[in-house]
Amino acid sequence: MLFAVQMTVNLAPDMDPADRASTIAAEKQYAQQLQHAGEWLHLWRCAGQYSNLSVFDVADNDRLNEVLWALPLFPYMDITVTPLARHPSAIH
Ligand SMILES: O=C(O)C[C@H]1C=CC(=O)O1
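Report follows, based on the coordinates. All chains use their own residue numbering, which begins from 1 and follows the written sequence. The predicted origin of the model limits local features to residues at a pLDDT of at least 70 and limits the giving and counting of side-chain atom pairs to 80 or more, whereas totals for whole chains, interfaces and linings rest on all residues. Hydrogens and water are ignored here; the side-chain numbers use all heavy atoms of the structure.

### As for the packing of aromatic side chains
Note the threshold: Any two of the Phe, Tyr and Trp rings considered here, Trp counted by its six-membered ring, make a pair once their centres fall within 6.5 Å; the pair's planes then place it as stacked at under 30 degrees, edge-to-face at over 60, or tilted in between. In DSSP terms, a helix is any run of H or I states spanning at least four residues, a strand is any run of E spanning at least two, and both are numbered starting from the N terminus. With a 1.4 Å probe rolled over the protein chains alone, any residue whose accessible area is under 20% of its type maximum counts as buried; one over 50% counts as exposed, and the rest are partly exposed.
Under the criterion given, the structure shown has 2 aromatic pairs. For the pair W40 and F56, a centre-to-centre distance of 4.7 Å together with 40° between the ring planes defines the contact as tilted. Here the residue W40 occupies a position in strand 2 (residues 40-45), and F56 occupies one in strand 3 (residues 51-57), the gap between them amounting to 16 residues. Given a relative accessible area of 0%, F56 falls into the buried group.

### Some details on the pairing of strand 1 (residues 2-9)
The following threshold applies: In this scheme, strands are said to pair when DSSP sees at least two bridges between them.
Pairing analysis gives 7 bridges linking strand 1 to strand 3, with the strands arranged antiparallel. When the sheet's bridge partners are listed, Q6 is paired in strand 3 with L53. Where strand 1 and strand 4 (residues 77-83) come together, 7 bridges link them in antiparallel fashion. By the bridge assignment for strand 4, T8 is matched with D78.

### What about the pattern of salt bridges?
As a reminder of what qualifies: By salt bridge we mean one thing: a side-chain nitrogen of Lys or Arg within 4 Å of a carboxyl oxygen of Asp or Glu.
For the coordinates displayed, the defined rule picks out 2 salt bridges. Note that R63 and E39 form a salt bridge whose closest N and O atoms lie 2.7 Å from each other. Highlighted residues: R63 in helix 2 (residues 61-69) and E39 in the loop between helix 1 (17-37) and strand 2, separated in sequence by 24 residues. The exposure class assigned to R63 is partly exposed, which follows from its relative accessible area of 24%. Its relative accessible area of 16% is what places E39 among the buried residues. With its nearest N and O atoms 2.5 Å apart, the salt bridge here joins R63 to E66. Of the two residues, R63 and E66 both sit in helix 2, 3 residues apart, roughly one turn of that helix. Look at E66 and you get partly exposed, because its relative accessible area is 48%.

### Brief notes about the site of the ligand
This is how it is decided: Distances are taken per atom, and a residue is near a molecule or strand as soon as one of its heavy atoms is within 4 Å of it. Residues adjacent in sequence count toward polar contacts only when both atoms are side-chain atoms; beyond that, a polar contact is any pair of N or O atoms within 3.5 Å, and within protein one must be able to donate a hydrogen and the other to accept it. In short, Shrake-Rupley with a 1.4 Å probe defines the accessible areas, and a residue's cover is counted only from the protein chains shown. Each residue is assigned to one of three groups, with Ala, Val, Leu, Ile, Met, Phe, Trp, Tyr, Cys and Pro labelled nonpolar, Asp, Glu, Lys and Arg labelled charged, and all others, Gly among them, labelled polar.
Surveying the vicinity of the ligand reveals the residues V9, E27, K28, A31, W40, L43, R45, Y50, N52, L73 and M77. A distance of 2.7 Å separates an oxygen atom of the ligand from a polar side-chain atom of R45. Measuring from an oxygen atom of the ligand, one finds a side-chain N or O atom of N52 at 2.9 Å. Relative to its unbound accessible surface of 280 Å², the ligand loses 87% to contact with the protein. Sorting the residues of the shell around the ligand by element identifies helix 1 and strand 2 as the ones contributing at least two each. For the shell around the ligand, a count of residues per class yields 7 nonpolar, 1 polar and 3 charged.

Structure follows, in structure tokens:
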């Protein structure tokens, strides 16, 4: 099942710099692991914002929920999920 997910990160400006760096590093490792596994298909930066637009291909809603809750940056994110259906004019 395909889902578009927008994640906007809101890290506190006064967050401890070491905590900030380790959380971002853990997020990168987790995101790359899911991309290698084929569940995180696209990861795009929303230009000019600390936000990304991602496409996930996961088994079901419960798996998406599990993936999102496990994001190291999850406590600092606003997340919007859009289930995707095939567009009738799409050629791919
Ligand atoms: O930077 C972000 O958009 C947040 C998050 C999503 C993947 C990742 O590595 O960081």
